[in-house]
There are 2 protein chains.
Amino acid sequence: MADTITLLIEPLPADADITRLDATFHEVDASMPALRVGELSTQRGDGIFETIGVVDGHAQETRPHLERLRNSARICELPEPNLPQWEAAIARAVAALPPTGEFALKLVLSRGVEHGPAPTAWLHVAPAAGFVEVRRRGIRAVTLDRGYGRGTAERAPWLLLGAKTLSYAVNMAALREAKRRGAHDAIFLTSDGYVMEGPTSSVIIRRGDVWSTPAPSGAILHGTTQQSLFEHLGATGRQTEYRDIPVYDLETADAVWLVSSVRLAAGVTHLDDRDLPYDADEARELNAYLLSPRD
Amino acid sequence: MADTITLLIEPLPADADITRLDATFHEVDASMPALRVGELSTQRGDGIFETIGVVDGHAQETRPHLERLRNSARICELPEPNLPQWEAAIARAVAALPPTGEFALKLVLSRGVEHGPAPTAWLHVAPAAGFVEVRRRGIRAVTLDRGYGRGTAERAPWLLLGAKTLSYAVNMAALREAKRRGAHDAIFLTSDGYVMEGPTSSVIIRRGDVWSTPAPSGAILHGTTQQSLFEHLGATGRQTEYRDIPVYDLETADAVWLVSSVRLAAGVTHLDDRDLPYDADEARELNAYLLSPRD
């Protein structure tokens, strides 16, 4: 079976009721050109995306990802995606994958070709990088100023802070800066010193038995993995909360986690120049849950 | 002759000394797929670009654009571009265009395909939109908060503020917001109320005989058209300066101009809810200069 699958999708209006959804996408060879140079995704980073983890033939949390895609589309004034169409495309890709192993499935909805009539869309799934060691041993992280004060997103919605857009050059630059400082990942802070999110992850801290994550204001993405983990924590008797988290609370937490769809839960063992407490059993528990089939 | 030309370019190292540069690019049909879905330009807005105006067979200010491309590459840690290669590609495209008329020539340098060995690059030239009326009559503009305070760029270089990256979703959203407010364009302000730049232009104000533009700190792009215009103004006896411009100075200026490579000089006739002075003769003079061959 193929372990890399690319589907080009002809995006349907949200209210289109088509029974033969399969006819609206087709497989292409990822090593061959598939996009035009006029693509606004490539010229302007003008589009949105989601990355879904696939574990042993199961696409994790498909619906929350698609709902976030819809929310990103709303913020970016892109046509509302047809969720059944995306579900059908995901199902087709997953069915073609090997039945075991971990994969990263990426959905992209672009504004389309400049002056073109319609958005373009595609799905690409490939084997996930090996994160077994990272999940076990944790990572080093650095804090980086994101440049925005609290309240900016509400005041300036054109900054698209709550949307998962393709304009990720800053996120990639932050990861390079983290590596330059000898770390694996970064945690963005507001310019006034509050925890936001990682460039490609959500931040969760634990103090005693209370698990906290930054309030999902418009300034950060509402993490699908974070929400799923909070459900699990709540269901197993732990207290969870959304609140403003000053950097001091991050530095003095009993545990700091960066969670994301494919790497899953990575414990932060070092933050900037300081050691953080790290519990390998906790890492095992969180990742065992996140690797189990979730919807 | 073709009025739309696309060249795919195999980017050479900056120090490569190749005599047959023509062999390093080839023409493709812009209506056909040319890029792979793994392109980081499209997945992450991870690349840089320049847009050069071509007027009656002459590419304007090629060298300053290429030098800015090199500066963007440095900020984004992309391989330094080979400027003679880009010059050769531009020359080839321009030679194939009709000898009269205005065109927009876009250069793109992308980080390449994910996990791929090398960056990808292309050039695309197409007829410019008709800006004759805009240059004559001016435009309405609104001010929009860019969310960053002064000094952010220096403090947080990973925000890539001085680079012309492909991550332009916010710039495009700002233009949509301007249109929603009944205007044609936007002027970004720092969160503490200083003038930055337009989403795709530089801001110049005039008070009496003094022409000012925001100091080219790391927070804004150093506009090629602005620099060229300042040379012209200086050469014709006008005083020019770089300085911090508080929004009050914008609102009370004797003239406000948004200048860019293809639209050239657009006078701002209305800023938010207020009328601004507008001099059609000045617009004519500035655009006559900007339409003349410049290097």
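Computed from a prediction, not measured in an experiment: that's the story for all the values here.

Points about the sheet that holds strand β3 (residues 47-55) of chain A
Residues and elements named next belong to chain A. As summarised here, the arrangement of the 6 strands in space is β2-β1-β6-β5-β3-β4, forming an open sheet in which the pairing is antiparallel. Of all the strands in the sheet, just β2 (25-28) and β4 (58-59) have a single pairing partner and so form its edges. Pairing analysis gives 5 bridges linking strand β1 (residues 5-9) to strand β6 (residues 120-127), with the strands arranged antiparallel. Across the sheet, the residue bridging to L7 is L123, located in β6. Lying over the sheet, helix α2 (residues 62-75) contacts β3, β4 and β5 (102-110), oriented at roughly 175° with respect to β3.

A word on the domain arrangement of chain A
Residues and elements named next belong to chain A. When its domains are assigned, chain A resolves into domain 1 (5-128) and domain 2 (133-291). The straight-line distance from the C-alpha centre of domain 1 to that of domain 2 is 26 Å. On the domain 2 side, the residues contacting the 25 residues of domain 1 number 18 residues. Summed over the three residues of domain 1 that lose the most area to domain 2, namely F49, R68 and I75, the buried surface amounts to 34% of that side. Counting across the interface, domain 1 meets domain 2 through 1 salt bridge. The closest approach of N and O atoms between E102 and R135, which form a salt bridge, is 2.6 Å. Sorting the residues of the side of domain 1 that touches domain 2 by element identifies α1 (40-44), β3, α2 and β5 as the ones contributing at least two each. Examining the composition of the side of domain 1 that touches domain 2, we find that 8 residues originate from one element, β3, more than from any other. For the side of domain 1 that touches domain 2, the class distribution of residues is 10 nonpolar, 9 polar and 6 charged.

Digging into empty space enclosed by the protein
Tallied over the full model, the rule gives 6 cavities of 30 Å³ or more. Looking at the largest cavity, its volume works out to about 60 Å³. A:T213, A:P214, A:I220, A:L221 and A:Q226 are, among the 14 residues lining the largest cavity, the residues nearest its centre. Lining the second largest cavity, in full, are B:M196, B:E197, B:S202, B:V203, B:T213, B:P214, B:I220, B:L221, B:H222, B:G223, B:Q226 and B:Y242.

Quick word on unusual backbone geometry
Residues and elements named next belong to chain B. We note that E61 has phi near 55°; this positive angle belongs to a residue other than glycine. Looking at the element boundaries, E61 is found in the loop between β4 (58-59) and α2 (62-75). In the Ramachandran plot, L264 falls in the positive-phi region, its phi being about 70° despite a non-glycine side chain. Mapped onto the secondary structure, L264 falls in strand β13 (residues 264-271). Using a relative accessible area of 2% as the deciding quantity, one classes L264 as buried.

Observations regarding helix α3 (residues 83-95) of chain B
Residues and elements named next belong to chain B. In a regular helix each residue adds 1.5 Å, so 13 residues correspond to 18 Å; α3 covers 18 Å between its end C-alpha atoms and thus fits that length. Within α3 the residues assigned to the buried category are L83, Q85, W86, A88, A89, I90, A93 and V94. Taking the backbone nitrogen of Q85 as reference, a side-chain oxygen 2.9 Å away marks N82 as the first, capping residue of α3.

What counts and how
- Residues numbered from 1 in each chain as written.
- Chains lettered and ligands numbered in written order.
- Predicted model: local features only at pLDDT ≥ 70, side-chain atom pairs only at ≥ 80, totals over all residues.
- Heavy atoms only, no water.
- Pairing = 2+ DSSP bridges.
- Helix = DSSP H or I, 4+ residues; strand = E, 2+ residues; numbered from the N terminus.
- Contact = heavy atoms within 4.5 Å.
- Axes fitted to C-alpha atoms, helices over the stretch in contact; angles between N-to-C directions.
- Domains from an automatic or database assignment.
- Buried area = accessible area lost by both parts, 1.4 Å probe.
- Salt bridge = Lys/Arg side-chain N within 4 Å of Asp/Glu carboxyl O.
- Nonpolar A, V, L, I, M, F, W, Y, C, P; charged D, E, K, R; others polar.
- 1 Å grid on protein atoms, 1.4 Å probe; cavity = no way out; pocket = protein on both sides within 12 Å on 5 of 7 lines; lining within 4 Å.
- Points joined across faces, edges and corners; volume = space filled by probe spheres on them.
- Buried < 20%, exposed > 50% of the residue type's maximum accessible area, 1.4 Å probe, protein only.
- Expected span 1.5 Å × (residues − 1).
- Polar contact = N/O pair within 3.5 Å; in protein donor to acceptor, adjacent residues only side chain to side chain.

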